[in-house]
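Spelled out from the first residue to the last, the chains are:
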Amino acid sequence: MKRSASEADLSPIHSQTVMAPSADHDQGFSDAVPDAHATVVIAGAGPAGLMLAVNLVRLGISTLILDDRPDKTTTGKADGIQPKTIETLRQLRLADTLLRNGARVYDISFWDSTPSHPLSRKGRQIHYPDHLVGASDPYILLAHQGMLEDVLLDDLKERGVTVQRDSPFLSCARDRAGKLDVTYEDRAAGENRVVKADFLVGCDGARSRVREFIPDARLEGEMSNASWGVLDGVIETDFPDLWSKVAVRSHTVGSILWIPRERNMTRLYVELSATAGERVDKAKATPEYVMARAREAMHPFSLEWKSIEWFGNYVVGQRVARRFSDPEHQIFIAGDAGHCHSALAAQGANTSMHDSFNLAWKLNLVSRGLASPSLLGTYEAERRKIANDLIAFDAGHCAAFEAGEAALTRNFNDNIRFISGVGAEYADGLLTRDSAGSGSPNGLHPGALMIPSKVTRYIDANPVDIQLDIPILGQFRLYFLIPDVQAAKGFLQSVCGLLAEKSHLSTASSAARSSYQTQSRGNAASDAFLCLDRYMAVSDILTLALVSGSKRDVFELADLPAALQRSRWTVYLDDVDGCIEKWVGMSGQAATVIVRPDGYIGAVKPWDVSQGVEAGRWVDEYFAFLA
């Protein structure tokens, strides 16, 4: 973390404050001497930890990844990648392998049996209908957790970073200079090691050890007795909906969820509790018992397994940590360390990775001294809100499984945007500025995600998806939505001119340019094909973009302000599916949209073309948190 000259001149202080689990941080002292340094230490190399590491390493932040397992995930565990996560992986240019090898599920069917009627299909529907969700990839992508982890691990390896395996996190202490000493066990070397760090992030699961070092961060909520067995394998059956997602409610056995999988496999979630609230003997939770219950539930259809790749068992609980970070904003938790729930709606890995996606760019800006540390406070406010929304949904979802097809159908219809990830939204705050007259009822609004749209890139006439076209480089995006470029020349000139003067953005942009020259992004050889400088021509903090309703032959790039001329790769023509109308629904003269580095809308506002100065001040005021 960047420090002032006076802080840098302090003599080294070797005595340290030992941070006891969930206790006052001023207890005791330790003589441990660190043997390495990393800006961020991540405990846990599952989806949350690896997503955080991939983003930090790309942004040029020195990162140490600890994992207590001797090797990576090879089978099973989380398997459903939701539409919003697919979009995120596309933005990171990491989706291709998963899209090629995973299975895609577009529909869901509902089956039920009663004492008087055998098992039969009660309904079938599209999983993510366009009029409700509007996702670019309207399906669930099924691939076991190891496949996802491999993609992230390969990206890290290409950038020269690997996971420190067989190395569980043990403890941390804060020295008097404000640094953390993170202690972990190096089992291969047979000794404990200490690494000096600015930040520690616990992505170490529901039994998180890191969480114990955040005061008052205990999990709160309900643990049920509802037990489920999970089987991944190749099935032989005459059941007709094998390749759809299927929710089954059997009057004798309970609920089963079928999920098609990669390599001709199927995952079955089988309810083991015969009655609501029944505690299931753990000895019963065997593959043989789960298969027997599944066969009974699916009668009169045949059901046999040719092979079983993975078996698991879990007890449903819905809990959220009271805190996601410590008061000093140096220790954080993400993923299952912060929230626990059922696996029935394929939310765990997705929500966990978006925790990390939210945190990474904020750590980058603060660790470089480009933003106030208060920015890190938004992580807990935003992601704990999503966690609570998830738990509320999950409790209703589990209850709907118990109630049968009609309740489950209603639950899906009511929550389909949230399930997809598209409907996970943040409340008003430092980074989500609502304002009178912003956006439109059905368009963009602060705290929501970008609405997918297709446009034509001006410079080369390429049709592109606007939400994917600008690479993720830890930067904000400012879109000018201009129906008529000629009428808005003065507006654009005023906004760009004001931002180029002494403003929060210009000051931060100058500091960022210096920071990235000293501490460059963690680029890989493949990044050369992306020509990343195209998107940082004006600033490393902000990419400018113009979406114009004017035809291509109506204006030249030379007609635009200098900053937009330099941003020539992000000038777009709104000539495909009405991006401006989708986003702000306006027939007016201009609008500005600020998009955060994680793709969420920070602020949106329409303007008259005579209000260029006001618009420029409005944009710069948003960035007041920049140092």
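Predicted model only: the values in this text are computed from it and were never measured. (Residues numbered from 1 in each chain as written. Predicted model: local features only at pLDDT ≥ 70, side-chain atom pairs only at ≥ 80, totals over all residues. Heavy atoms only, no water.)

**Comments concerning unusual backbone geometry**
A cis amide bond links His299 with the next residue in sequence, Pro300, at an omega value of 15 degrees. Notably, Arg263 is not glycine yet its phi reads approximately 55 degrees, a positive angle. By the secondary structure assignment, Arg263 is in the loop between strand E15 (254–260) and strand E16 (266–271). You can call Arg263 exposed: its relative accessible area is 52%. (Helix = DSSP H or I, 4+ residues; strand = E, 2+ residues; numbered from the N terminus. Buried < 20%, exposed > 50% of the residue type's maximum accessible area, 1.4 Å probe, protein only.)

**Section: the domain arrangement of the chain**
By the assigned domains, the chain splits into domain 1 (37–75 + 145–219 + 321–420) and domain 2 (448–623). The distance between the C-alpha centroids of domain 1 and domain 2 comes to 31 Å. Listed by partner, the interface residues are 16 residues for domain 1 and 22 residues for domain 2. When domain 1 packs against domain 2, the two sides together hide about 1600 Å² of surface, and 52% of this comes from carbon and sulfur. Looking at the side of domain 1 facing domain 2, the largest losses of area belong to Trp361, Arg368 and Leu370, adding up to 36% of the total buried there. Of all the secondary structure elements, the ones that give two or more residues to the side of domain 1 that touches domain 2 are helix H2 (47–58) and helix H7 (348–367). Looking at the side of domain 1 that touches domain 2, the element that brings in the most residues is H7, giving six residues. (Domains from an automatic or database assignment. Contact = heavy atoms within 4.5 Å. Buried area = accessible area lost by both parts, 1.4 Å probe.)

**Focus: the confidence of the model for the chain**
Averaged over all residues, the pLDDT of the chain equals 90, while 92% of them reach at least 70. Throughout residues 1–18 the model reports pLDDT below 50, and contacts reaching past four residues in sequence, or to other chains, amount to 39 contacts. Across residues 23–34, where pLDDT falls below 50, the model places 32 contacts with residues more than four positions away in sequence or in other chains. (pLDDT = per-residue confidence, 0-100.)

**A few points about the sheet that holds strand E24 (residues 571–573)**
Across a sheet, paired strands are connected by hydrogen bonds in the backbone, their directions being either parallel or antiparallel. Within the open sheet, the seven strands sit side by side as E21-E20-E24-E23-E22-E25-E26. Their pairing is mixed. A single partner strand is all that each edge strand has here, and the edge strands are strand E21 (463–465) and strand E26 (601–607). Averaged over all neighbouring strand pairs, the angle between strand axes comes to 30 degrees, with direction disregarded. Both strand E20 (residues 454–457) and E24 contribute to a ladder of two bridges, which runs antiparallel. Following the sheet pairing, Thr456 is matched in E24 by Leu573. (Pairing = 2+ DSSP bridges. Axes fitted to C-alpha atoms, helices over the stretch in contact; angles between N-to-C directions.)

**Some remarks on the pattern of salt bridges**
One pass over the full model with this rule turns up 50 salt bridges. Two residues, Asp181 and Lys196, come together in a salt bridge whose shortest N-O distance is 3.0 Å. In this pair, Asp181 is assigned in strand E11 (residues 180–186) and Lys196 in strand E12 (residues 191–202), connecting sequence segments 15 residues apart. Connected through shared salt-bridge partners, Asp79, Asp232, Arg261, Glu262, Arg263, Arg267 and Glu309 make up one network. (Salt bridge = Lys/Arg side-chain N within 4 Å of Asp/Glu carboxyl O.)

**As for the sheet that holds strand E5 (residues 80–81)**
The three strands are arranged E5-E9-E6 in an open sheet whose pairing can be described as antiparallel. One side of each edge strand has no neighbouring strand; the edge strands of this open sheet are E5 and strand E6 (103–105). Here E6 pairs with strand E9 (residues 140–142) via three bridges, running antiparallel. Within E9, the residue paired with Ala103 across the bridge is Leu142.

**Examining the packing of aromatic side chains**
If you walk through the whole model with that rule in mind, you get 23 aromatic pairs. Between Phe169 and Phe213, the aromatic rings sit 5.7 Å apart at their centres with planes inclined by 85 degrees, giving edge-to-face as the arrangement. Separated by 44 residues along the polypeptide, Phe169 in strand E10 (residues 169–175) and Phe213 in the loop between E12 and strand E13 (219–237) bring together distant segments of the chain. Assigned by exposure class, Phe169 and Phe213 land together as buried. Aromatic ring contacts, followed pair by pair, group Trp361, Phe476, Tyr622, Phe623 and Phe625 into a single cluster. It is Arg552 that lies over the ring of Tyr458; its NZ or CZ is 5.5 Å from the centre. Geometry around Trp607 places Lys605 over its ring, the cationic atom sitting 5.3 Å from the centre. (Phe/Tyr/Trp six-rings, centres within 6.5 Å; stacked < 30°, edge-to-face > 60°. Lys NZ or Arg CZ within 6 Å of the ring centre and 35° of its normal.)

**Considerations on helix H11 (residues 489–500)**
Here H11 is 12 residues long and its end C-alpha atoms lie 16 Å apart, about the 16 Å a rise of 1.5 Å per residue gives. Turning to H11, its buried residues are Phe491, Leu492, Val495, Cys496, Leu498 and Leu499. Down the axis of H11, the buried set is contained in an arc of 160 degrees. They therefore lie on one face. (Expected span 1.5 Å × (residues − 1). Arc of directions from axis to C-beta.)

**Overview of the nonpolar core**
Counting 119 residues, the largest nonpolar core has Leu363, Phe476, Phe480, Phe491 and Phe623 as the members making the most contacts within it. Of the domains in this structure, domain 1 (37–75 + 145–219 + 321–420) and domain 2 (448–623) are the two that each give at least three residues to this core. Judged by nonpolar contacts, the second largest core, of 36 residues, contains Val133, Ile140, Phe393 and Ile416. (Core = buried A, V, L, I, M, F, W, Y, C linked by side-chain atoms within 4.5 Å.)

**Some remarks on the environment of Val604**
Structurally, Val604 is set in strand E26. Put simply, Val604 and Leu64 are 540 residues apart on the chain and 37 Å apart in space, counted from C-alpha to C-alpha.

**Thoughts on the side chain of Thr432**
Tracing the backbone through its elements, the reader meets Thr432 in the loop between helix H9 (405–420) and E20. Take Thr432: its relative accessible area is 1%, and that puts it in the buried class. Among the polar contacts listed, one links the side chain of Thr432 to the backbone oxygen of Ala427, at a separation of 2.5 Å. In terms of polar contacts, Thr432 uses its side chain to reach the backbone amide nitrogen of Gly429, at 3.0 Å. Once you skip the residues sitting within four places of it in the chain, Thr432 turns out to touch Glu382, Tyr426, Ala427, Pro446, Gly447, Arg596, Ile601 and Gly602. (Polar contact = N/O pair within 3.5 Å; in protein donor to acceptor, adjacent residues only side chain to side chain.)

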